[in-house]
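Residues per chain, in single letters:
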Amino acid sequence: MSNETIPLRKDVPAEYKWDLTQLYKDESEWESDLNRIPELTAQFTAFKGRLGESSSVLLQALKADDRLSLLLEKVYHYASLMNEADQSESANQERYNRVMMAYTQMSSQCSFFTPELLAIDDEKINAWCDLPEFADYRISIQKALHAKPHILSEKEERILALQSESGQTASNAFSLLNDVDMNFGTVTVDGKEKPLTHSTWSNFLENQDRSIRQEAYTKFYDVFEKHANTLAALYSGSVNNDIFHARARGYKSSLDSALYGDKVPESVYHNLIDTVHKNLPDLHRYYKLRKKVLGVEELRHWDVYAPLVKSVKSHVTYEESVEICRNAMAVLGKEYTDTLCGGLLGGWCDRFENKGKHSGAFSSGCFEGYPYILLNYDEDTLRDVYTMAHEGGHSMHSWYSVRNNPFSCYEYTIFEAEVASTFNEELVFQHLLKNAKDDEMKKYLLAMRASDILATLHRQTMFAEFELKCHESVENGIPLSTDSIRGIYRGLLEQYFGPEMVFEKSSDMEGLRIPHFYNAFYVYKYATGISAALALAKRVTQGGDQEREDYFKFLKSGGSRYPIEALRVAGVDMESSEPVQAALDTFRDLVDQLEKLL
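Scope of this entry: the structure provided in the associated data block. Since the structure is predicted, the reported quantities are computational estimates derived from the model, not experimental observations.

## Observations concerning the overall build of the protein chain
Moving on, step 1. Along its length, the protein chain carries 24 helices and seven strands.
Moving on, step 2. The 598 residues of the protein chain split such that 56% are buried.
Moving on, step 3. Of all intrachain contacts in the protein chain linking residues separated by at least 6 positions in sequence, the fraction that spans at least 24 positions is 75%.
Moving on, step 4. For the protein chain, the exposed area adds up to about 24,700 Å²; of that, 48% sits on carbon and sulfur atoms.
Moving on, step 5. Put simply, the protein chain has 65 plus and 91 minus side-chain charges, and the middle of one group is 2 Å from the middle of the other.

Quick look at the structure:
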């Protein structure tokens, strides 16, 4: 699909869109379910004050909660996907907002449940959990008990539930500003004006013509620069909201709050940053090599994505990309590849960019319907093949989880999710390298893989460190401002990129344009994820049936285990710094090969 013009949503062929009829056949069905939420809420709240009466009463309440949560998840999922496909359509915004209002109202009415559940005597509730009829709920109850030290009274929980909608204001405003309101203009390529968007941005930054890279970079960040104070205020508001919730619930810090639910020790976060810091000389060596290969007197920020192997161009159609995924993932078996590829060519995926569509890519599955994938696929960007594999990994993780767990514990954590996705990326790299048609393509793939590992491991760790510094600043009594946020980010840019890089005045605006920062302490999971994924990909491809089965045990475990435990089942220990160091060793080896070849 051409990037010459960005089509309106209504002009995108149906076969290129995801099939949401798996959720609702038409709008009236969705409307009907939305209107059922108060009824199911009333059925659930009828158990208020009764949870501790007997095991049968609690069991009935849990089943009522399932019915309500299943319906709400489905209603929300449909509205969210419609909105992500075209945020400029007011009907989509209205539908999404109606669901959020219904969710907030439901949450406030149901806020009694967790405090009342946790008020039941531990000995009694543990005895009930041992009963056969509680098999589907045993894990979710145990996880609720883990959260007990930070659950507030019913009245306090109701207040926090009522605040949830307004707490999303900063994130929602950033999304609309970033994805809808900002206009980046055009970039001149071969005498033609091409639109500069979030999707085409990466394509321009990979152009071999340096003047095109500079023009795209400058125009892109000039727009963000004009909104610097607004963006800083929005991010500061998001950080303050995180800290409010952490303090309200009695956590030591916002980091403690983010990690506690998954039982991830804070040492995992700090070990990641420390291990990457120790290996920064290899990253600096990579940028020195980049400067030399590109033949520039000064390495500028718009040079960091330019291909190191200039002679290789790629054009991979969407259908060809699907077949690459099929062949690359053959080691996982026919069920896996047939299911994934059937979904990518069927109704799982929204393939190409349209006006108002959410930038980037994501996988979003629920207990019913498909494990949907949003892409902005560009046939001239080989990295989009990796993106397809990445999001496909998420969706297959969801597919296996739904089929092997009850609703109450089918959802796996983001910590685990980034393993399944980057695992697939590594398989694609191995497949493409093995089948490279010549040495130039091999060099190209090695260079791109080094860049991808850098983007997922080093860059996400830098992002994680930025988030930590911003939150710690406020927690230590130093409020965030436009200048302080930019100063923190510029310091990290200089530390991570090293002495070869020359930054622009606007370079630190990058820290104010990352959507993931509105979901605090999320991005570190990309870095830990690729570390685990590289170890597991090596284990599966070099192992046999047992190693593959261990990996499927991980995919099937869903939310039935805490993430550190689930990864141990697969064969990797993330409490150790060894997987991170091994991933950094892989990057170092790639740099060694590139220095010899280039």
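## Notes on the side chain of His 394
Moving on, step 1. Relative to the helices and strands, His 394 is located in helix α17 (residues 383-404).
Moving on, step 2. Take His 394: its relative accessible area is 9%, and that puts it in the buried class.
Moving on, step 3. At a separation of 3.3 Å, a polar atom in the side chain of His 394 contacts the main-chain carbonyl oxygen of Ala 417.
Moving on, step 4. In contact with His 394, not counting residues within four places along its chain, are Ser 363, Tyr 412, Ala 417, Glu 418 and Ser 421.

## Overview of the environment of Ala 566
Moving on, step 1. Take Ala 566: it is sitting in helix α23 (residues 563-570).
Moving on, step 2. Excluding its chain neighbours within four sequence positions, the residues that come into contact with Ala 566 are Glu 416, Phe 554, Ser 557 and Arg 561.

## Remarks on helix α1 (residues 27-45)
Moving on, step 1. Taking 1.5 Å per residue, 19 residues should reach 27 Å; α1 reaches 28 Å between its end C-alpha atoms and fits that length.
Moving on, step 2. For α1, the principal kink sits at Ile 37 and spans about 30°; a proline, Pro 38, occurs within the next four residues.
Moving on, step 3. Every buried residue of α1 is accounted for by Trp 30, Asp 33, Leu 34, Ile 37, Leu 40, Thr 41 and Phe 44.
Moving on, step 4. Considering only its buried residues, α1 is in contact with α2 (55-85), α3 (90-109) and α4 (113-119).

## Observations concerning the sheet that holds strand β4 (residues 349-350)
Moving on, step 1. Here we have three strands laid out as an open sheet, ordered β4-β6-β5, and mixed in their pairing. The open sheet has two free edges, formed respectively by β4 and β5 (362-364), since each of these has just one partner strand.
Moving on, step 2. As defined by bridge partners, β5 adjoins strand β6 (residues 372-374) across three bridges and the pair is classed as antiparallel. Note on β6: the bridge partner recorded for Ser 363 is Ile 373.
Moving on, step 3. α2 contacts β5 and β6 of the sheet and is inclined by roughly 155° relative to β5.

## Structural notes on unusual backbone geometry
Moving on, step 1. Positive phi, close to 55°, is recorded for Asp 190, a residue that is not glycine.
Moving on, step 2. In this structure, Asp 190 sits in the loop between β1 (186-189) and β2 (192-195).
Moving on, step 3. Asp 190 sits in the exposed class, given a relative accessible area of 76%.
Moving on, step 4. One non-glycine residue, Phe 521, lies in positive phi territory at about 60°.
Moving on, step 5. Of note, Phe 521 is situated in the loop between β7 (501-502) and α21 (524-542).

## Section: the packing of aromatic side chains
Moving on, step 1. Inspection of the entire model under this criterion finds 50 aromatic pairs.
Moving on, step 2. Ring plane angle 70° and centroid distance 5.4 Å describe the contact between Tyr 286 and Tyr 287, whose orientation is recorded as edge-to-face.
Moving on, step 3. Residue Tyr 287 is classed as buried on the basis of its relative accessible area of 3%.
Moving on, step 4. When the centroid spacing of 5.6 Å and the interplanar angle of 85° are considered together, the rings of Tyr 318 and Tyr 377 count as edge-to-face. With Tyr 318 in helix α15 (residues 318-328) and Tyr 377 in the loop between β6 and α17, this pair connects stretches of sequence that are 59 residues apart.
Moving on, step 5. Judged by its relative accessible area of 0%, Tyr 318 falls in the buried class.
Moving on, step 6. Counting every residue linked through ring pairs, the aromatic cluster contains Phe 174, Tyr 235, Phe 463, Phe 466, Tyr 489, Phe 517 and Tyr 518.
Moving on, step 7. In this structure, Arg 95 packs its charged tip against the face of Trp 30, placed 5.8 Å from the ring centre.

So, how was this worked out
Residues numbered from 1 in each chain as written. Predicted model: local features only at pLDDT ≥ 70, side-chain atom pairs only at ≥ 80, totals over all residues. Heavy atoms only, no water. Helix = DSSP H or I, 4+ residues; strand = E, 2+ residues; numbered from the N terminus. Buried < 20%, exposed > 50% of the residue type's maximum accessible area, 1.4 Å probe, protein only. Contact = heavy atoms within 4.5 Å. Areas by Shrake-Rupley, 256 points an atom, 1.4 Å probe, with all protein chains shown as cover. Lys, Arg positive; Asp, Glu negative; His and termini not counted. Charge placed at Lys NZ, Arg CZ, Asp CG, Glu CD. Polar contact = N/O pair within 3.5 Å; in protein donor to acceptor, adjacent residues only side chain to side chain. Expected span 1.5 Å × (residues − 1). Bend = angle between axes of the 7 residues up to and from the residue. Pairing = 2+ DSSP bridges. Axes fitted to C-alpha atoms, helices over the stretch in contact; angles between N-to-C directions. Phe/Tyr/Trp six-rings, centres within 6.5 Å; stacked < 30°, edge-to-face > 60°. Lys NZ or Arg CZ within 6 Å of the ring centre and 35° of its normal.

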